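Residues per chain are reported as follows:
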Amino acid sequence: MSSASTLIRQCAGLAAIVIVLALLAPTEAKPWVLACGAAAFAFFLAVSLYRHRQIRRLTAEIDEVLHSGRRVDFSNCREGDVAVLANELGKMTARLARTSESLAAERNALADALADVSHQIRTPLTAITLMLPAVERAESDRERKRAVRELEAMIERVSWLVTTLLKIAKVDAGAMHVERREVRAAEVVRRAMAPLATAMDLRDVALVLDVDEAAVFRGDAPWTAEAVENIAKNCMEHTPPGGTVTVVAREDALATTIVVSDTGPGIAPDDLPRIFDRFYRGTQGEVAPEAAENVRQPAGFGIGLSLAQALVSAQGGTLRAANNPTGGARFEIAFPKLVV
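Residues numbered from 1 in each chain as written. Predicted model: local features only at pLDDT ≥ 70, side-chain atom pairs only at ≥ 80, totals over all residues. Heavy atoms only, no water.

The helix and strand inventory of the protein stands at nine helices and seven strands. The buried share among the 340 residues of the protein stands at 34%. Contacts in the protein between residues far apart in sequence, at least 24 positions, make up 69% of those at least 6 positions apart. (Helix = DSSP H or I, 4+ residues; strand = E, 2+ residues; numbered from the N terminus. Buried < 20%, exposed > 50% of the residue type's maximum accessible area, 1.4 Å probe, protein only. Contact = heavy atoms within 4.5 Å.)

Okay, here's the thing in structure tokens:
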């Protein structure tokens, strides 16, 4: 309604100007002034009505975008300032649509993550609840100590899960502080493998370190060590007794790499695309029949590799998984060198 009123006022003003010019013009020039004024008035009116219709159509299409959620194509506008406006509006609606889709995907991912977290925490909590009566009913100190140790182990699992989830949340939110300084790969590897030494001895899994003492990269030593530890722990849990976990660190002109491999059954082809997905545990790869009975099925939560990838990515590195040609899983961390 306001645009129509503006058009009427503009037409009235132009007509008044034409009339004043005709009155002020000499008698012999009055017909020419009136004719030119009428032509200009008709041209102005036609252009204004055309632009008014375009703007009304754009307004209707924008109203559809805002209220019905439809995607509107503004490409049928011709050249001119209205077409420029339509083009910008088209870009705006496309970006709003992408933003809306991204928010919907993030909302669904958050809902799925919360459901997974709830399930993963509820399972050990249920086991703890069932263990408490067993502690109370224990008839001897030996049975009570055994039940208490099992209870402590389950509580430690829940504590580890919560701590790991908080670390992943900090990485996702971009709130994790990552240092950028020169780090020796050998020190990181030794720091990562130290907590696993006892567990590997108990599982009869050998550890082989093949590290270049001169290999360095720019990153965060504690976070990288934790990523390597999670990967090595995963390899250890999938390696049968008598197997080997090997850690190799090298530096070349392109990058510094840390490779962790094992002699276990490897990663099943169907699991490779999702090996770093949160809470995904998948299945074991093919294993020789004579070694199948010695392979332990790990009872993890499926977030160790996800955390490792998040920690490496936060430092600008990459983490890839594959199978060795001779068998077993292979995880490669690469920190590329900066090229100026």
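Now for the pattern of salt bridges. Taken as a whole and judged by the stated rule, the model has 10 salt bridges. For Arg330, the salt bridge goes to Glu332, with nearest N and O atoms at 3.1 Å. With relative accessibility at 30%, the residue Arg330 sits in the partly exposed group. (Salt bridge = Lys/Arg side-chain N within 4 Å of Asp/Glu carboxyl O.)

Turning our eyes to something else, we now look at helix 9 (residues 304–314). Of all 11 residues making up helix 9, eight are buried, and the element is well covered by its neighbours. By the burial criterion, the buried members of helix 9 are Gly304, Leu305, Ser306, Leu307, Ala308, Ala310, Leu311 and Val312. Looking one or two places after helix 9, you find Gly316, whose phi comes out positive at around 85°.

Here helix 7 (residues 221–237) crosses helix 9 at 150°, and the two axes come no closer than 9 Å. Comparing their axes, helix 9 and helix 7 come out roughly antiparallel. For helix 7 against helix 9, the interelement crossing comes out left-handed. Across from Trp223, Glu226, Ala227, Asn230, Ile231 and Asn234 in helix 7, the residues of helix 9 making contact are Gly304, Leu305, Leu307, Ala308, Leu311 and Val312. Its residues assigned to classes, the contact of helix 7 with helix 9 shows eight nonpolar, three polar and one charged. (Axes fitted to C-alpha atoms, helices over the stretch in contact; angles between N-to-C directions. Parallel < 35°, antiparallel > 145°, perpendicular 65-115°, else oblique. Left-handed = near helix turned anticlockwise from the far one by under 90°. Nonpolar A, V, L, I, M, F, W, Y, C, P; charged D, E, K, R; others polar.)

In this section: the packing of aromatic side chains. Aromatic ring pairs: the centre-centre distance and the angle between the two ring planes describe each pair. The tally for this structure, following the rule as stated, stands at two aromatic pairs. On the basis of an interplanar angle of 70° and a centroid distance of 6.4 Å, the ring pair of Phe276 and Phe331 is categorised as edge-to-face. Residue Phe276 is located in the loop between strand 5 (255–262) and helix 8 (289–292), and its partner Phe331 is located in strand 7 (residues 329–336); the two are separated by 55 residues in the primary sequence. (Phe/Tyr/Trp six-rings, centres within 6.5 Å; stacked < 30°, edge-to-face > 60°.)

Looking at the element boundaries, Asp262 is found in strand 5. The side chain of Asp262 is buried and forms no salt bridge, while Arg330, the nearest opposite charge, is found at 11 Å. A polar contact of 3.0 Å, which involves the side chain of Asp262, links it to the backbone nitrogen of Gly264. A distance of 2.9 Å separates a polar side-chain atom of Asp262 from the backbone nitrogen of Ala329. Contacts of Asp262, omitting those with residues within four sequence positions, involve Cys235, Thr239, Thr244, Val245, Asn324, Gly327, Gly328 and Ala329. (Lys, Arg positive; Asp, Glu negative; His and termini not counted. Polar contact = N/O pair within 3.5 Å; in protein donor to acceptor, adjacent residues only side chain to side chain.)

Residue placement: Val178 occurs in the loop between helix 4 (141–172) and strand 1 (181–184). Measuring from C-alpha to C-alpha, the distance between Val178 and Asp220 comes to 5.9 Å, with 42 residues separating the pair along the chain.

Turning next to the nonpolar core. If you look at the biggest cluster of nonpolar residues, it comprises 48 residues, and the most contacted ones within it are Ile231, Val260, Phe331 and Ile333. Contributions of two or more residues to this core are made by helix 4, helix 5 (185–193), helix 7, strand 4 (244–251), strand 5, helix 9 and strand 7. With nine residues, helix 7 is the largest single contributor of residues to this core. For Phe331, the residues in contact, after removing those within four places along its chain, are Ile231, Asn234, Cys235, Ile258, Val259, Val260, Ile267, Phe276, Leu305, Leu319, Arg320 and Ala321. Counting residues in hydrophobic clusters, the runner-up holds five residues, among them Ile128, Met131, Leu151 and Met154. (Core = buried A, V, L, I, M, F, W, Y, C linked by side-chain atoms within 4.5 Å.)

It is the contact of helix 5 with helix 7, at a shortest axis distance of 8 Å, that shows an interaxial angle of 55°. The orientation of helix 5 relative to helix 7 falls into the category oblique. The crossing of helix 5 and helix 7 is right-handed. Counting all contacts with helix 5, which are made through Val188, Arg191, Ala192 and Met193, the residues of helix 7 involved are Ala221, Pro222, Thr224, Ala225, Val228, Glu229 and Ala232. Across the contact of helix 5 with helix 7, the residue classes tally to eight nonpolar, one polar and two charged.

Moving on, we get to the sheet that holds strand 2 (residues 206–211). Here we have five strands laid out as an open sheet, ordered 2-4-5-7-6, and mixed in their pairing. Unpaired on one side and paired on the other, strand 2 and strand 6 (318–323) mark the two borders of the sheet. Direction aside, the axes of adjacent strands within the sheet are offset by 15° on average. Sheet topology note: the strand 5/strand 7 ladder contains seven bridges and is antiparallel. Each bridged residue has a counterpart across the sheet, and for Ala255 the counterpart in strand 7 is Pro336. Contacts from helix 5 reach strand 2, strand 4 and strand 5, with the element oriented near 165° to strand 2. Against the sheet, helix 9 contacts strand 6 and strand 7, and its axis sits at roughly 140° relative to strand 6. (Pairing = 2+ DSSP bridges.)

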